[in-house]
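Residue-level structural notes
For reference, the chains in residue letters:
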Number of protein chains: 2
Amino acid sequence: MSLAPTHISTIRELFFRYGLKSMTMDELARQLGCSKKTIYEHYSDKKVLVHAALGGFLNEHRGEMAALDQNSDNAIAKLIRMAAIGFQKMRNLTPTLLFDLQKSYPELWMELERYRKEEIVGIFKRLIERGQQEGLFRQEIDPSVVSIMHLQHTNLLLDPVVFSHLNHPIANIFHNIMEVFVGGITTPSGLEVWNTTKAQMNLHP
Amino acid sequence: MSLAPTHISTIRELFFRYGLKSMTMDELARQLGCSKKTIYEHYSDKKVLVHAALGGFLNEHRGEMAALDQNSDNAIAKLIRMAAIGFQKMRNLTPTLLFDLQKSYPELWMELERYRKEEIVGIFKRLIERGQQEGLFRQEIDPSVVSIMHLQHTNLLLDPVVFSHLNHPIANIFHNIMEVFVGGITTPSGLEVWNTTKAQMNLHP
DNA sequence: ATCTTGAAAACTTTTTTAGTTTCTAAAGTT
DNA sequence: AACTTTAGAAACTAAAAAAGTTTTCAAGAT
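The structure reproduced in this document is the subject of the present report. A quick note: this is a predicted structure, and the numbers were derived from the prediction, not measured.

Comments concerning the overall build of chain A
Summing up its helical and strand segments, chain A has 10 helices and zero strands in all. Counting helices and strands in the order they occur from the N terminus, chain A gives α-α-α-α-α-α-α-α-α-α. Projected onto its principal axes, the C-alpha positions of chain A cover 60 × 40 × 30 Å. Expressed as a percentage of the 205 residues in chain A, the buried residues total 48%. In chain A, the proportion of contacts linking residues at least 24 apart, taken out of those at least 6 apart, comes to 69%.

Here you go:
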């Protein structure tokens, strides 16, 4: 039983870093300093292992999103935290990983897509509604439309081709997108809250 | 002859983006919109193709480095340009690519290592010597030592583990390393040139 | 009308990898 | 001290995948 459950996060990191194809079971065992046999005692096959590693990733994000509801004073503070978490998580989703996922683990790929299209969009929609109630986001905008726009923004960031010719740091692009987006949905008072909260939380780490 | 030589840069991009293992010959043909047959008419096997794609990368860098000698007013201007080019090139060297290279194309991996350890270090050493003649870098420092230090700095940036826990944008880390390094080797007048030249060339794109 | 070209796809061969088994050494147990 | 368990190392097998080849077919050129 030398493969403690904490090792699953190490495995996840290796998958994120090198992709699912390059990270073979032999290589994985070598990196973990254990034998393949030990891995197979905990996970019946590679598919199960990949699901465990990447499913945990989704669950973590789900948990962090749930925690935000309590901790956030207003919709804009929550938006900033959501964005920061989401951005950080997305940086792990390298082109290779997404490519391998789509090709070799389509059911997991579809689960990721579903998570983004349904759960994230849902969370975002409720966030917009809350912000409208708080007078921070304009009443005229439709939360359903805006939440789907947000999904498109994350798609932009995940696509390695779209902004690559600009050679900008991805963080810059992200901040630009956020500025335009927030400017587009906030009321004047909401925009003020955005600017002050942003400064307090130093979004640029 | 539908596989124009310009396509080799597209192939290179695909290798960079997805690694050498995930990018199979079938997938490559699909992405290029041609048949495997056509690829094999130009490149006898995958190894040759990988060498062509990645060897071109080195040659380009070699060319850019050579061009710098003419274009740069002083050693510090050249250093800034060198660093910018090197940093941009290095961003393409993803963990997956380096991993696949090391595992499946060891002779090419060694060529890359040699290029860094010999050619880059040599270029750097001559740059330091020039800077000393221009009174920008301190006489006491040994160009041979400093150039090897610089190699270690690039190693730091290529290793995905070292700074990952900081969650800083890689560009920030790079600028920090540069600041410390330059501060360590410049004379007072050199430091002035560094600060003014840096501002003129806007290193932060 | 004939020839060439290259994509599409079927096909073969080779390599790689997943998954299993065997062996051995070390640690703990009785 | 003999015995049992545990896990790594490594050899092994079976299956999958990828490299590389060949055939077919359609479109454009001669």
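Points about the interface of chain A and chain B
Contacts between the two partners involve 22 residues from chain A and, on the opposite side, 22 residues from chain B. Together chain A and chain B conceal approximately 2000 Å² of surface at their shared face, both sides included; 54% is due to carbon and sulfur atoms. Contact with chain B buries area across many residues of chain A, yet Arg 17, Ser 22 and Phe 99 of chain A alone supply 27% of it, more than any other trio. Put simply, chain A and chain B have two salt bridges between them. Across the pair Glu 27 of chain B and Lys 103 of chain A runs a salt bridge, and its minimum N-O distance is 3.9 Å. Scanning the region where chain A abuts chain B turns up four residue pairs in polar contact (both at pLDDT 80 or more). Broken down by secondary-structure element, the contributors of at least two residues to the side of chain A that touches chain B are helix H1 (7–22), helix H2 (25–32) and helix H6 (95–104) of chain A. The element that contributes the greatest number of residues to the side of chain A that touches chain B is H6 of chain A, accounting for five residues.

Details of the relation of the copies chain A and chain B
For the pair chain A and chain B, the relating rotation is 180 degrees, the translation along its axis is 0.0 Å, and the fit reaches an RMSD of 0.0 Å. In the structure described here, the two chain copies are related by an operation that fits a two-fold rotation axis. Residue by residue, 100% of the interface of chain A is reproduced at the interface of chain B, so both copies engage with the same surface.

Examining the pattern of salt bridges
Under the criterion given, the structure shown has 34 salt bridges over all chains. Its salt-bridge partner being Glu 140 of chain A, residue Arg 138 of chain A comes within 3.1 Å of it at the nearest N-O pair. As a salt-bridge pair, Arg 62 of chain B and Glu 119 of chain B come within 2.3 Å of each other at their nearest N and O atoms. Of the two residues, Arg 62 of chain B is situated in helix H4 (residues 46–71) and Glu 119 of chain B in helix H7 (residues 106–133); the sequence distance between them amounts to 57 residues. Residue Arg 62 of chain B is classed as partly exposed on the basis of its relative accessible area of 28%. If you follow the salt bridges from partner to partner, you end up with Arg 62, Glu 111, Arg 114, Glu 118 and Glu 119 of chain A in one network.

Some words on helix H4 (residues 46–71) of chain A
Residues and elements named next belong to chain A. For H4, built from 26 residues, the straight-helix expectation of 38 Å at 1.5 Å per residue is met to within 8% by its first-to-last C-alpha distance of 38 Å. Those residues of H4 lying buried are Lys 46, Leu 49, Val 50, Ala 53, Leu 54, Gly 56, Phe 57, Leu 58, His 61, Met 65 and Leu 68. Summarising the contacts, the buried residues of H4 are in contact with H1, H2, helix H3 (36–42), helix H5 (75–90), H6 and helix H7 (106–133).

Description of the packing of helix H1 (residues 7–22) of chain B against H4 of chain B
Residue and element names in this part refer to chain B. Here H1 crosses H4 at 100 degrees, and the two axes come no closer than 9 Å. Taken together, H1 and H4 sit at an angle that is classed as roughly perpendicular. Residue-level inspection shows Ile 8, Ile 11, Arg 12, Phe 15, Phe 16 and Leu 20 of H1 in contact with H4, the latter providing Lys 46, Leu 49, Val 50, Ala 52, Ala 53, Leu 54, Gly 56, Phe 57 and Glu 60. Within the contact of H1 with H4, the residues separate by chemical class into 11 nonpolar, one polar and three charged.

Rules behind the numbers
Residues numbered from 1 in each chain as written. Chains lettered and ligands numbered in written order. Predicted model: local features only at pLDDT ≥ 70, side-chain atom pairs only at ≥ 80, totals over all residues. Heavy atoms only, no water. Helix = DSSP H or I, 4+ residues; strand = E, 2+ residues; numbered from the N terminus. Buried < 20%, exposed > 50% of the residue type's maximum accessible area, 1.4 Å probe, protein only. Contact = heavy atoms within 4.5 Å. Buried area = accessible area lost by both parts, 1.4 Å probe. Salt bridge = Lys/Arg side-chain N within 4 Å of Asp/Glu carboxyl O. Polar contact = N/O pair within 3.5 Å; in protein donor to acceptor, adjacent residues only side chain to side chain. Least-squares fit on C-alpha atoms with pLDDT ≥ 70 in both. Expected span 1.5 Å × (residues − 1). Axes fitted to C-alpha atoms, helices over the stretch in contact; angles between N-to-C directions. Parallel < 35°, antiparallel > 145°, perpendicular 65-115°, else oblique. Nonpolar A, V, L, I, M, F, W, Y, C, P; charged D, E, K, R; others polar.

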